[in-house]
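Chain and residue survey
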Amino acid sequence: MEGINIILANIQVFETSDYGQFKKLNGNRSLNESQIDGIINSINEVGYQPVPILVNEKMEIIDGQHRLEAVKRLGIPIYFIIKVGAGAKEVMQLNLRRGNWTVYDFIGFYSANGNNNYIRLNEYSKEFPDIGIIDIAMCLSDSKSRNIQRPLREGRYQIVETEEAIGCLRFIDDCIHPLSTIQGGGQQYIPILVGLYKMNLIDEERMKSAINQYATTMASAYNANDALTELQNVYNYYRRHNEYFRDAYLEKMEKAGSRYKNI
């Protein structure tokens, strides 16, 4: 290690050009080229600000892998601090606080670090490749709310593999292709369909049949209100007896503490 500088009591900052000694921590997200380019452009425009990266005693990067890659490409030294014992917990806490990671990064991180709930979630994602992993997580949750991203990010997600949960997943899988033909996409419909299924507010065979027959008549939904209205309309197309589930859905979601904007 080169150029040890004590900048604060008990904190040592090291300088090195030996980039090969650093290692990726298991589960850390893949490098983002646009983020690396942004750091390089910033260095070229305003000069190099030697902000140290954080590693543990194994030289695994806890924070700063994009900074390391940027200075490596520019051929300038990297500064680093060693925090003994740091690992997955610190990576998770840093990225929760900063908001750098997407929910997909967190899913990959917890899965790579042995959380069986996330491992199983990834396995279902491979089994149902047409459904987004967050939509799969909603189906395989014991919650009727679509506010699933926070527990996914915080490592609190608990997978539920009951007959009802698997049935919900298969129902969405049967609906996803016709919804994908809607101009602008039909993703806004999926969380609503999950809720309707879990609340037993619809006959899923009737809804599935209606979507498959009349998806071409449906418009893009930009919020939950639009999605509910369109789904209720298509559910009742050419039916002698109309059934209305919109108000019941909203009432149940309000009681569950999940209120939507624009409704």
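Residues numbered from 1 in each chain as written. Predicted model: local features only at pLDDT ≥ 70, side-chain atom pairs only at ≥ 80, totals over all residues. Heavy atoms only, no water.

Some thoughts on the overall build of the protein
A count of helices and strands for the protein gives 12 helices and 6 strands. Computed over its C-alpha atoms, the radius of gyration of the protein comes to 24 Å, more than 25% above the 18 Å expected for a compact globule of 263 residues. With 263 residues in all, the protein has 46% of them scored as buried. Considering only contacts in the protein between residues 6 or more positions apart, those separated by 24 or more positions represent 67%. For the protein, the exposed area adds up to about 14200 Å²; of that, 45% sits on carbon and sulfur atoms. Averaging the locations of the 29 positively and 32 negatively charged side chains of the protein gives two centres separated by 4 Å. (Helix = DSSP H or I, 4+ residues; strand = E, 2+ residues; numbered from the N terminus. Rg over C-alpha atoms; globule rule 2.2 N^0.38 Å. Buried < 20%, exposed > 50% of the residue type's maximum accessible area, 1.4 Å probe, protein only. Contact = heavy atoms within 4.5 Å. Areas by Shrake-Rupley, 256 points an atom, 1.4 Å probe, with all protein chains shown as cover. Lys, Arg positive; Asp, Glu negative; His and termini not counted. Charge placed at Lys NZ, Arg CZ, Asp CG, Glu CD.)

A look at the environment of Glu 90
Note on placement: Glu 90 falls in helix 3 (residues 88-98). Distance in space between the C-alpha atoms of Glu 90 and Asp 63 is 8.8 Å, their sequence separation being 27 residues.

Thoughts on unusual backbone geometry
Most peptide bonds adopt trans geometry, and most residues besides glycine take a negative phi value. Even without being a glycine, Asn 200 presents a positive backbone phi close to 55 degrees. Mapping Asn 200 onto the fold places it in the loop between helix 9 (189-198) and helix 10 (204-214). The backbone phi angle of Tyr 238 is positive, close to 55 degrees, even though this residue is not glycine. Here Tyr 238 is to be found in the loop between helix 11 (224-235) and helix 12 (246-255). Since its relative accessible area comes to 77%, Tyr 238 is described here as exposed.

Side note on the side chain of Thr 16
With respect to the helices and strands, the residue Thr 16 is situated in strand 2 (residues 11-16). By relative accessible area, which is 2% here, Thr 16 ends up buried.

Points about helix 3
Looking at helix 3, one finds that the buried residues are Glu 90, Val 91, Met 92, Leu 94 and Asn 95. Of the surrounding elements, those touching the buried residues of helix 3 are strand 5 (60-63) and helix 4 (103-112). Residue Gly 99 follows helix 3 closely and has a positive phi angle near 75 degrees.

Concerning the pattern of salt bridges
If you walk through the whole model with that rule in mind, you get 12 salt bridges. Residue Asp 174 pairs with Lys 208 through a salt bridge whose shortest N-O separation is 3.1 Å. One end of the pair, Asp 174, is in helix 8 (residues 163-180); the other, Lys 208, is in helix 10, with 34 residues separating them in the sequence. Classification of Lys 208 by relative accessible area gives buried; the value is 18%. Ionic pairing is found between Lys 208 and Glu 205, a salt bridge with its closest N-O pair at 3.2 Å. In this pair, Lys 208 and Glu 205 are both assigned in helix 10, 3 residues apart and thus about one turn of the helix distant. A single network of salt bridges, built from pairs that share partners, joins Glu 33, Glu 69 and Arg 73. (Salt bridge = Lys/Arg side-chain N within 4 Å of Asp/Glu carboxyl O.)

What to know about the state of the cysteines
Tallied over the entire structure, the rule returns 0 disulfides. Free cysteine Cys 168: the closest other cysteine sulfur is in Cys 139, separated by 3.2 Å. (Disulfide = S-S within 2.5 Å.)

A few points about the nonpolar core
Leu 140, Leu 152, Tyr 157, Leu 179, Leu 193, Met 207 and Leu 231 are the most contacted members of the largest nonpolar core, which totals 65 residues. Looking at which element gives the most residues to this core, the answer is helix 8, with 9 residues. (Core = buried A, V, L, I, M, F, W, Y, C linked by side-chain atoms within 4.5 Å.)

Everything listed is a geometric property; what it means functionally is a separate question.
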